[in-house]
Amino acid sequence: MRRYVLGCTQVEQAESSALTFEQVTLTWQDVSYSVPVGKGEQRQLLDSISGMAAPGRLVALMGSSGAGKTTLLDVLAGRKNVGTVSGTISLNGQRMEHEHKRLLGYVEQFDSHIPLQTVREALQFSANLRLPASTPADRKRKAVDETLELLSLTKIADVMVGDSKSGGISPGQRKVLSIGVELIANPPILFLDEPTTGLDSRSALQAMQAIRAVASANHTVVCTIHQPSAELFYMFNDLVLLKSGGRLVYAGPIGFRGSEMVSYFQALPGVLPHPPRLNPASWALQLLVDGARLDGARASAESISAARRDTNVSFLAQDAEAIDFAASFAAAPARESMSKAITETPKEPLMPPGDQAGRWVQTANVLRRHALAQVRDIPYNGLRALMFPLLGLLFGLSFLDLEADSVSGLLVLTGSLVTCVSFSFVVYVQSTAPWMMEVRNVFYRESYASMYGALSFTLAQVLVDVPFVAVFQLCILAPFYFLAGLEADVGIFFHSYLIFFFAGLAGSYMGQFFVAFLPNDQVVSNNKR
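Residues numbered from 1 in each chain as written. Predicted model: local features only at pLDDT ≥ 70, side-chain atom pairs only at ≥ 80, totals over all residues. Heavy atoms only, no water.

Time to look at the overall build of the protein chain. Within the protein chain one finds 18 helices and twelve strands. Of all intrachain contacts in the protein chain linking residues separated by at least 6 positions in sequence, the fraction that spans at least 24 positions is 73%. Looking at the protein chain as shown, the accessible area adds up to about 24400 Å², and 58% of this sits on carbon and sulfur atoms. (Helix = DSSP H or I, 4+ residues; strand = E, 2+ residues; numbered from the N terminus. Contact = heavy atoms within 4.5 Å. Areas by Shrake-Rupley, 256 points an atom, 1.4 Å probe, with all protein chains shown as cover.)

In structure tokens form, the structure reads like this:
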């Protein structure tokens, strides 16, 4: 077994590198997946899919919309909790078990990061929580530096991540950062779900160059891709192509400028030669569309010639009958060769992942990150620093020199206190919700990656607001208390402050609960109105 280092391909460089990993070959054979859709009914999304991904090779999962490429990616990554999975998924010839999931990295389609942190801090946070607890701090810092260099992020290491509203790094750089956050855990296998979605051509190329660099460092990389340009398609080594219904159409090498894939399809009866200047990926996808149209015509007892005339089928011969591309590949020598390669994959031991950081270390890291982000949110804190004293002045002047020596005076005093406390409570509910909406998606991603648990996140959220509430509630109470002419007694003032303080915390926690309880940000926004 060969050991590789993060960002290097030479074994002799291991001593100078912060981290090493064992290369892992991923294979899957006859994998099917179905979900319940009614009483006793199942809908099959994947149908006997086989394939393999080797270290140093970049594998594309491609297919038409609804073909099941993302479903296959999630099944291979062990992220499906609903439905029935059958078949065999193996790592180095050994059946993948639950404890092996920490050997996998998964980059989601949409990026979710804390905007008010730098690129380096995002990687350092991931390193602190995902690398083994026994890893020294200096090695974690070195791993961050190596990841920055590997992904060409060194120049923006100290730039705020930002988001689509506040600016920060570009969308392409944000996608590369998402890759780095997973890569810092040093997984032998990296999955990516449509990494170029939503990016312009320049950003997509930047993201794919980073992914190519990861594969060149002898990681096993599998990613879904939707209608890639020729330039992006040629970066891949292997292709797994699916058609509607989750059926396998092709699995094997792409070849130089798509030559091997093109040769396979051109050898099928009825398939016209590939136009030289046409993107091979677009050509293959259109073949599936053309075949599906002719299949549909035959199924509905229409004439194939009429279907060809009505739907402008362009990549099949005029006299071609409907082609079942999945059945053709199942009977092809390429499928037999692939199955043989899967069964002959040598069984090698897997390096067990080290112990994770403890719960209190997780809580401390989450708390530190969220506190730093809160402190850096100058517009938000500046608004609160201005608003709360003004509210205190407003309520204080409204009840200026309040006389509380009668029953009516006591009622007015009680009402003024309740009004002021209630108003501050509502302000905290409203102001906490946007922050919680921002970090919720980050929590989903990071908890799924086993960075930390719900308890650590909750404790950090509970504690991070305490100093801010303590300061701003004093800002609203002090002017109100003395302008209203309340008794100048330290004990009474402190007692009043505790009431304001806990009311502010209650409002903050209510805002957090409000966001956590509702299913998505749109529902939260509608309910805030």
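Take the pairing of strand β12 (residues 247-253) next. Most of β12 is tucked away, with five of its seven residues classed as buried. Between strand β11 (residues 238-243) and β12, which pair antiparallel in sequence order, lie three residues; one of them, glycine 245, sits at a positive phi of approximately 95 degrees. (Buried < 20%, exposed > 50% of the residue type's maximum accessible area, 1.4 Å probe, protein only. Pairing = 2+ DSSP bridges.)

A word on the packing of aromatic side chains. Taken as a whole and judged by the stated rule, the model has 22 aromatic pairs. A ring pair is formed by phenylalanine 443 and tyrosine 444, whose centres lie 6.0 Å apart and whose planes are at 50 degrees; its orientation type is tilted. Assessed through its relative accessible area of 16%, phenylalanine 443 is described here as buried. For tyrosine 444, a relative accessible area of 43% translates into the label partly exposed. Judged by centre distance (5.3 Å) and plane angle (75 degrees), the ring pair of tyrosine 481 and phenylalanine 482 falls under edge-to-face. (Phe/Tyr/Trp six-rings, centres within 6.5 Å; stacked < 30°, edge-to-face > 60°.)

Now for helix α3 (residues 137-150). The terminal C-alpha atoms of α3, which comprises 14 residues, lie 20 Å apart, in line with the 20 Å expected from a rise of 1.5 Å per residue. Residues of α3 that are buried include every one of Lys140, Ala143, Val144, Glu146, Thr147, Leu148 and Leu150, and no others. At its buried positions, α3 is contacted by α2 (119-130), α4 (171-183) and α5 (201-216). Positive backbone phi, approximately 60 degrees, marks serine 152, located one or two places after α3. (Expected span 1.5 Å × (residues − 1).)

With that out of the way, let us pick up the packing of α4 against α5. Each pair of packed helices gets described by two things: the angle between the helix axes and the distance between those axes. At a closest axis distance of 8 Å, the pairing of α4 and α5 adopts a crossing angle of 20 degrees. Taken together, the axes of α4 and α5 lie roughly parallel to each other. Classified by chirality, the crossing of α5 by α4 is right-handed. In this structure, α4 contributes Gly172, Gln173, Lys175, Val176, Ile179 and Leu183 to the contact, and α5 contributes Ser203, Gln206, Ala207, Ala210, Ile211 and Val214. (Axes fitted to C-alpha atoms, helices over the stretch in contact; angles between N-to-C directions. Parallel < 35°, antiparallel > 145°, perpendicular 65-115°, else oblique. Left-handed = near helix turned anticlockwise from the far one by under 90°.)

Let's shift gears to the packing of helix α12 (residues 359-376) against helix α15 (residues 454-464). Running from N to C, α12 and α15 cross one another at 40 degrees; their axes reach a closest spacing of 8 Å. It follows from the interaxial angle that α12 and α15 lie oblique. The element α12 and its partner α15 pack so that their crossing is right-handed. Where α12 abuts α15, its residues Arg359, Trp360, Gln362, Thr363, Val366, Leu367, His370, Ala371 and Gln374 lie against Leu455, Ser456, Phe457, Leu459, Ala460, Gln461, Leu463 and Val464.

Quick look at the nonpolar core now. Counting residues in each nonpolar core, the largest one holds 117 residues, and the members touching the most others are Trp28, Phe191, Leu241, Phe265 and Phe325. Counting residues in each nonpolar core, the second largest holds 23 residues, with Phe388, Phe395, Val469 and Leu477 among its members. (Core = buried A, V, L, I, M, F, W, Y, C linked by side-chain atoms within 4.5 Å.)

With that out of the way, let us pick up the pairing of strand β8 (residues 104-107). Where burial is concerned, the two faces of β8 agree: the one with Leu104 and Tyr106 and the one with Gly105 and Val107 are both buried. Note: β8 against strand β9 (residues 189-192), four bridges, orientation parallel. In the sheet register, glycine 105 faces β9, and the bridge partner there is leucine 190.

A word on unusual backbone geometry. For aspartate 30, which is not glycine, the phi torsion reads 50 degrees and is therefore positive. Examined against the element boundaries, aspartate 30 turns out to sit in strand β3 (residues 26-38).

A separate point is a nonpolar patch on the surface. The grouping of Leu386, Leu390, Leu393, Leu397 and Leu400 at the surface amounts to a nonpolar patch, some 480 Å² of accessible area in total. For leucine 390, the location among the structural elements is in helix α13 (residues 378-398). (Patch = residues over 30% accessible without salt bridge, like charges linked within 9 Å, V, L, I, M, F, W, Y side chains within 5 Å. Salt bridge = Lys/Arg side-chain N within 4 Å of Asp/Glu carboxyl O.)

So, on to the environment of aspartate 145. Along the chain, aspartate 145 turns up in helix α3. You can call aspartate 145 partly exposed: its relative accessible area is 38%. A C-alpha to C-alpha distance of 9.1 Å links aspartate 145 and alanine 157, two positions twelve residues apart in sequence.

The next point concerns the pattern of salt bridges. Scanning the model with the defined rule gives twelve salt bridges in all. Arginine 120 is the salt-bridge partner of aspartate 145, the closest N and O atoms lying 2.8 Å from each other. In this pair, aspartate 145 is assigned in helix α3 and arginine 120 in helix α2, connecting sequence segments 25 residues apart. Arginine 120 gets classed as partly exposed once you look at its relative accessible area, which sits at 29%. Across the pair glutamate 446 and arginine 445 runs a salt bridge whose closest N-O atoms are separated by 3.5 Å.

In this structure, alanine 53 sits in strand β4 (residues 41-53). Looking at alanine 53, the relative accessible area reads 0%, which means it is buried. Every residue in contact with alanine 53, bar those within four places of it in the chain, is listed here: Val24, Thr25, Leu26, Trp28, Val59, Thr220 and Val222.

A separate point is the confidence of the model for the protein chain. When pLDDT is averaged along the protein chain, the result is 83, and 86% of the positions lie at 70 or above. Note that pLDDT drops below 50 for residues 1-5; the model gives that stretch 26 contacts with residues more than four away or on any other chain. (pLDDT = per-residue confidence, 0-100.)

Relative to the helices and strands, arginine 384 is located in helix α13. In this structure the side chain of arginine 384 is engaged in a polar contact, spanning 3.0 Å, whose partner is the side chain of asparagine 381. Residues within four places of arginine 384 in sequence aside, it is in contact with Pro389, Tyr428, Phe468 and Phe472. (Polar contact = N/O pair within 3.5 Å; in protein donor to acceptor, adjacent residues only side chain to side chain.)

Residues of α15 that are buried include every one of Ser456, Phe457, Ala460, Gln461 and Val464, and no others. Angularly, the buried residues of α15 cover 130 degrees about the axis, an arc narrow enough to put them on a single face. (Arc of directions from axis to C-beta.)

Relative to the helices and strands, phenylalanine 468 is located in helix α16 (residues 466-483). Residue phenylalanine 468 is classed as buried on the basis of its relative accessible area, which comes to 14%. Distance from phenylalanine 468 to alanine 385, taken between C-alpha atoms, is 10.0 Å for residues 83 residues apart in sequence.

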